[in-house]
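Okay, here's what each chain looks like letter by letter:
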Amino acid sequence: MPLDPPPAPDPSPARPVRWGRWLALLLWSALATGIYGVYTDVIRIPPQLNPWAPLDVMAPPGLLTRYKLSRARNDAERCQAALATTGMQYDVLPNRSTGEGCGFQNAVRLRTAAVRMGAPFPLSCPMALSFFMWERHALQPAAQKHMGQRVAGMDHLGSYACRNVNRGEGAPPNAPARARSRHATANALDISALTLADGQRITVLKDWAGEDAATPLKPRELLLREAHEGACKYFKGVLGPDYNAVHKDHFHLETGGYSMCR
């Protein structure tokens, strides 16, 4: 009996196993599971590495500090909870409107801080929280580094004021209507001078070294420079003497609005 001929080979090539796709899917699944586990606190990691952990105002700054600070500033309850751990003394203020585009919400009247500030003054919670973080983690380390002592007091030019942005002289006469300043919502503070523990007074007007200043800078000039640079890490907006003549005698610190460091 004749044997049947062998089957003809399949002309279509064998489909390759897509190991890369399966590996990517496996990795994404593992990552999603890990993120969910951290979010639900099933997987425990150190708070400084957990993006959902509350802001620890006393902890040394880390990779997630600015993110956690921003998250707290954008949520009234988180902001108040973080502010309560600073040790500053303040009174919570009721929401208030004082005019078109003026007033404040989620604000406090700051009575005492780690440095002398004079009479109590209002600040939004985000501003008060950013101020604490800047003073503790940027200003004081800079003072110890360059002056060998801490900052004991500050002079400021005000926080809340129902006014427009001060553009100074030389603004075009046909410029559009001025926008409200961040001061109009208690989201700004102007710092003009620092007083060290031994009584030395350092002013922005006299001791600021501009961008074209000769080097090396004096210790008090370095302190102001690092205080300004450090403020950019903890506030949304920072303006100093190099920005324009209006700011020749102070640092303007604010939250809200556009990010700027000038």
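Residues numbered from 1 in each chain as written. Predicted model: local features only at pLDDT ≥ 70, side-chain atom pairs only at ≥ 80, totals over all residues. Heavy atoms only, no water.

(A) Spotlight on the overall build of the chain. Secondary structure assignment for the chain yields six helices and eleven strands. Counting the 262 residues in the chain, one finds 39% classified as buried. Within the chain, contacts between residues separated by at least 24 positions form 56% of all contacts whose residues are at least 6 apart in sequence. Here the chain displays about 15900 Å² of accessible surface, and carbon together with sulfur accounts for 57% of that area. (Helix = DSSP H or I, 4+ residues; strand = E, 2+ residues; numbered from the N terminus. Buried < 20%, exposed > 50% of the residue type's maximum accessible area, 1.4 Å probe, protein only. Contact = heavy atoms within 4.5 Å. Areas by Shrake-Rupley, 256 points an atom, 1.4 Å probe, with all protein chains shown as cover.)

(B) Highlighting the sheet that holds strand E4 (residues 107-112). Strand order in the open sheet formed by three strands is E1-E4-E5, with antiparallel pairing between adjacent strands. The outermost strands of the open sheet, each flanked by one partner alone, are strand E1 (89-93) and strand E5 (121-124). Taken pair by pair, the neighbouring strands of this sheet meet at an average axis angle of 35°, ignoring direction. Here helix H4 (residues 125-147) sits on the sheet in contact with E4 and E5, set at roughly 95° to E5. (Pairing = 2+ DSSP bridges. Axes fitted to C-alpha atoms, helices over the stretch in contact; angles between N-to-C directions.)

(C) Representation of the packing of helix H2 (residues 65-73) against H4 in the model. Between H2 and H4, the shortest axis-to-axis distance is 9 Å and the interhelical angle comes to 155°. Between H2 and H4, the angle falls in the class roughly antiparallel. The two elements H2 and H4 meet at a crossing, and its hand is right-handed. Residues Thr-65, Leu-69, Ala-72 and Arg-73 of H2 form the contact with H4, whose participating residues are Pro-126, Leu-129, Ser-130 and Met-133. (Parallel < 35°, antiparallel > 145°, perpendicular 65-115°, else oblique. Left-handed = near helix turned anticlockwise from the far one by under 90°.)

(D) Quick look at helix H6 (residues 219-234). Between the first and last C-alpha of H6 there are 23 Å, a value that for 16 residues agrees with the 22 Å anticipated at 1.5 Å per step. By the burial criterion, the buried members of H6 are Glu-221, Leu-223, Leu-224, Ala-227, His-228, Gly-230, Ala-231, Cys-232 and Tyr-234. (Expected span 1.5 Å × (residues − 1).)

(E) Quick look at the environment of Leu-196. Within the secondary structure, Leu-196 sits in strand E7 (residues 188-196). Residue classification places Leu-196 among the buried residues on the basis of a relative accessible area of 1%. Taking C-alpha positions, Leu-196 is 8.5 Å from Met-147, a pair spaced 49 residues apart along the chain. Not counting chain neighbours up to four residues away, the residues in contact with Leu-196 comprise Met-147, Gln-149, Arg-150, Val-151, Ala-152, Ile-202 and Leu-223.

(F) The pairing of E4, seen in detail. Of the strand pairs in this sheet, E1 and E4 are connected by five bridges, and their pairing is antiparallel. For Leu-93, the partnering residue across the bridge sits in E4 and is Ala-107. Pairing between E4 and E5: four bridges, direction antiparallel. Paired with Val-108 across the bridge in E5 is Leu-123.

(G) Quick peek at the state of the cysteines. Applying the stated criterion across every chain, the model contains three disulfides. There is a disulfide in this structure between Cys-79 and Cys-125, and the S-S distance comes to 2.2 Å. In this structure, the disulfide formed by Cys-79 and Cys-125 twists by about -115° around the S-S bond and is classed as left-handed. Of this pair, Cys-79 sits in helix H3 (residues 76-83) while Cys-125 sits in helix H4, and the two are 46 residues apart along the sequence. As far as burial versus exposure is concerned, Cys-79 and Cys-125 are alike and both buried. Here Cys-232 connects covalently by a disulfide to Cys-261, the sulfurs 1.9 Å from one another. Between Cys-232 and Cys-261, the S-S dihedral sits near 75°, and the bridge is therefore right-handed. Of this pair, Cys-232 sits in helix H6 while Cys-261 is found in strand E11 (residues 260-261), placing the two residues 29 residues apart along the sequence. Looking at Cys-232, the relative accessible area reads 15%, which means it is buried. If you count the bonded cysteines of the chain from the N-terminus, they pair up as 1-3, 2-4, 5-6. (Disulfide = S-S within 2.5 Å.)

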